[in-house]
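So the chains spell out like this:
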Amino acid sequence: MCLAVPGKILSIDNSIPELRMAKVDFGGIIKKICIQWVDVSIGDYVLVHAGVAITAVEEEENFYNQLSTTH
Amino acid sequence: MIPFALTENREQVEALIHSIRKIVTRPWALMEICGGQTHAIVRYRLEEMLPQEVKLLHGPGCPVCVTPTERIDQAIELAKRSDVILASFGDMIRVPGTHEDLQHAKACGANVQILYTPLDAVDLAETNPCKQVIFFAIGFETTAPVYLIALKEAIRRKLRNFFLLTSLFTVPPAIEAILSDPNSCVNGFLTAGHVCTITGNSVYRTIAKKYRTPMVVTGFKPIDLLQGIYHCLLQLETGMYTVENTYQWAVSEEGNLPAQALMAEMLDPCDQNWRGIGRIAQSGLRLKANFLPYNADSLLSFINNKKRSIQKQSDCIAGEIMKGSKHPVDCPFFGTRCIPNHPIGAPMVSAEGVCAAYYTYK
Amino acid sequence: MKTTHCSIPFTDSDCVLLAHGSGGRMTQQLINDIFYPAFQNPLLGQNHDGCVFPIGNNRIAYSTDSFVVDPIFFPGGDIGDLAVNGTVNDLACCGAHPFYLTVGFILEEGLPLKYLQRIVHSMKEAAEIAGVQIVTGDTKVVERGKCDKLFINTSGIGVVPNGIQISPYRVQPGDVVICSGPIGVHGITILSSRESLGFETNLKSDTVSLNNMIEELLNSIEEVHVLRDPTRGGVSGTLNEIAQTAEIGIVLDEPALPIPDTVRGASEMLGLDPLYIANEGVVLICLPEVLAEQALSILHHFPEGKKATVIGQVVEKGKAWVKMRTYYGGYRIVDMLSGEQLPRIC
């Protein structure tokens, strides 16, 4: 459930304070996304569900490369 | 950027499988309640990689699948009105109502538009002032606040023609319902990563303690799922029952506070009917009374409301499948009379539905 | 907790749904239930992109296709070159050298003439590149709202050189499946240009005529078993059709699939599967494994075949299926599309 995809913030539009928007790059696809709930700057990554960033995230590959899977 | 699920190191996956094999000493049944996880488990054949003792059960984790028939009928009824545009995510339009689905209603003239985000429906309402634009707002805690941000925007723009037809579900009451079922055989839960991104973990702490059952916050990639499974099994093998977060990439302990605040401001808990499972107390969310002008229920006719209690029966065993007591292949219709093209039960309709996942990837 | 039952059996739709045009299972249903029984004949039974039949000493290939793309202009092309390339490619996939095309226009009242001019001009250019002539046509105008700007039908004929025998029935275990270019580019470009989804990409449709490249391939390698362009229904739809006609099992290799990052990104975001997305400048080729290297080196000489690669292999005769060996070594069924592919949240 709840497909969510990470993308990188390219630009931020604060013109409507109640609905802050950003251009987000999903691997070459650029889409306007609402970033009202996250505190982010250009270059940061967000996890997007149905057009809204639900959380800021670390760059996915960085995070998982550092992840230890041996127990 | 190649999605990481596909580039991930095979060695990491193998290391996790090895760790799981090392710790398992007896049979355990784990349940995930998330269609995305079900999909990945079946797609990447994770069950085959796990030791035989570990059984994965696929809970009612697809909001499309659990949206009740009568709600779909209401969506269709509204969509057929000449002054209505019914906006929806693509997944909903093939889910059968009592007599037809939205795709069929659309072919017969209903105005159904498929959108990527509810925010686009606000624009649609603005550019179509003579139409009532209704978004079919289905989902769990992840999606609920997304509808609210769209509604807030519609209110900010002073639109009077934007409505939500809600069918919103909350996961914790469903978990409690499954755990308090005397026939339940679930030993531990993998809780849905993106739901927890919004809600945080505290609610699961209470459940873990009350039912002495491990709850492990889990992501969606094979590596995430195997991490979740490992930690859940480790708790079971060592007699622990706590909440662990193995999806820290996207889930924090407290969750998304602005989204939670919006939900508290605009939504009330309510009893909710889950298709295939039945009514679960306080497992739904509905718009608060002061948002009635934006609630599509206010547009529904009285006659339609009366029809709500009518529910036909069929031989579909979706309920048992979603509770974990049966498996899709136990169903006599699976893959024969019931196929994605011709679904009998909702879990065969949505790509995230457990039956569709098994059909597609087996 | 009480268990109620789920939902009600559904009869198949009593009217045409959009999904009937998706190139998947429902399209097949229309063909098998309505068209085949009515028109049944041996040529129709060839089950290919067009049909091949003898006239005198020549074997003629004949094919037709209609174009209803929305929007009519998109990055990398428009409905005009698409209409020419589509039929040229269908003929080329019959192994034919395409010669003549016919064109039928259905125009909506109110369509700006400058649009029509632009589209006709790109048809002319596409025909020149492909080396075909548009030799007859028809125009109809319908009331505003009765069609969307314009629809185009093209039909074409070509001649199949001696020795060339392209047919799904020839596909054998041991054949490899070659894909001539990146998957999903056209479909994602079209989606991105639709206002309702509104996303930007630097993708361009891959629409191109493939006949020159295919002819070069067939000049050097006679033993090409089948050629198909995976347009509607995508790679998965096309391979399933071949598998069903030839009664063969095909295994695809997931890491080998040439899916551009942008296509993957868009597919992830919208919840689509690139294997079902339409292509307009790609051909799938089945030929014996020993000829694969030679075929690839020929394809690589053409810009449209620069990224040609082997994506799978035919492994079994007698049963029709397509499977994929995933990144983790497991196998999963690659089914035909059921219904339409739609953006989803779940």
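Residues numbered from 1 in each chain as written. Chains lettered and ligands numbered in written order. Predicted model: local features only at pLDDT ≥ 70, side-chain atom pairs only at ≥ 80, totals over all residues.

A. Spotlight on the interface of chain A and chain C. At the junction of the two partners, chain A supplies eleven residues and chain C supplies 15 residues. Per element, the largest residue contribution to the side of chain A that touches chain C is three residues, and it comes from strand 3 (residues 29-34) of chain A. As paired strands, strand 3 of chain A and strand 9 (residues 200-201) of chain C are joined by two bridges and run antiparallel to one another. Among the inter-strand pairings, I29 of chain A is bridged to a residue of strand 9 of chain C, identified as T201 of chain C. (Contact = placed C-beta atoms within 7 Å. Helix = DSSP H or I, 4+ residues; strand = E, 2+ residues; numbered from the N terminus. Pairing = 2+ DSSP bridges.)

B. How the structure looks around the confidence of the model for chain C. Residue and element names in this part refer to chain C. Overall, the predicted model of chain C reaches an average pLDDT of 90, with 96% of residues at or above 70. Low pLDDT, under 50, characterises residues 1-11; the stretch is placed with 39 contacts to residues that sit more than four places away or in other chains. Model confidence for the complex: the whole-complex pTM is 0.87, and ipTM, which rates the interface, is 0.94. (pLDDT = per-residue confidence, 0-100.)

C. View of the sheet that holds strand 10 (residues 267-274) of chain B. Residues and elements named next belong to chain B. Taking strand neighbours across the sheet as the criterion, the six strands line up as 4-3-5-6-11-10 in an open arrangement whose pairing is mixed. What marks the edges here is a single partner per strand, and that holds for strand 4 (112-114) and strand 10. Direction aside, neighbouring strands of the sheet carry axes that sit 25° apart on average. As defined by bridge partners, strand 5 (residues 132-139) adjoins strand 6 (residues 162-169) across seven bridges and the pair is classed as parallel. The residue of strand 6 that forms the bridge with I134 is F163. Helix 6 (residues 69-79) contacts strand 3 (84-88), strand 4, strand 5 and strand 6 of the sheet and is inclined by roughly 140° relative to strand 3. (Axes fitted to C-alpha atoms, helices over the stretch in contact; angles between N-to-C directions.)

D. Region of interest: the environment of Y44 of chain B. Locating Y44 of chain B in the fold gives a position in the loop between helix 3 (35-43) and helix 4 (46-49). Along the primary structure Y44 of chain B and T191 of chain B are separated by 147 residues, whereas in three dimensions their C-alpha atoms are 19 Å apart. Among residues more than four places away in sequence, those in contact with Y44 of chain B are P222 of chain B together with T326, Y328 and G330 of chain C.

E. Representation of the packing of helix 2 (residues 79-93) of chain C against helix 3 (residues 113-130) of chain C in the model. Residue and element names in this part refer to chain C. Taken N-terminus to C-terminus, the directions of helix 2 and helix 3 make an angle of 30°; their axes are 7 Å apart at the nearest point. Of the possible angle classes, the one that applies to helix 2 and helix 3 is roughly parallel. Here the hand of the crossing between helix 2 and helix 3 comes out right-handed. On the side of helix 2, the interface is formed by I79, G80, D81, A83, V84, N85 and V88, while helix 3 contributes I119, V120, S122, M123, E125, A126, A127 and A130. Among the residues making up the contact of helix 2 with helix 3, the classes are represented as ten nonpolar, three polar and two charged. (Parallel < 35°, antiparallel > 145°, perpendicular 65-115°, else oblique. Left-handed = near helix turned anticlockwise from the far one by under 90°. Nonpolar A, V, L, I, M, F, W, Y, C, P; charged D, E, K, R; others polar.)

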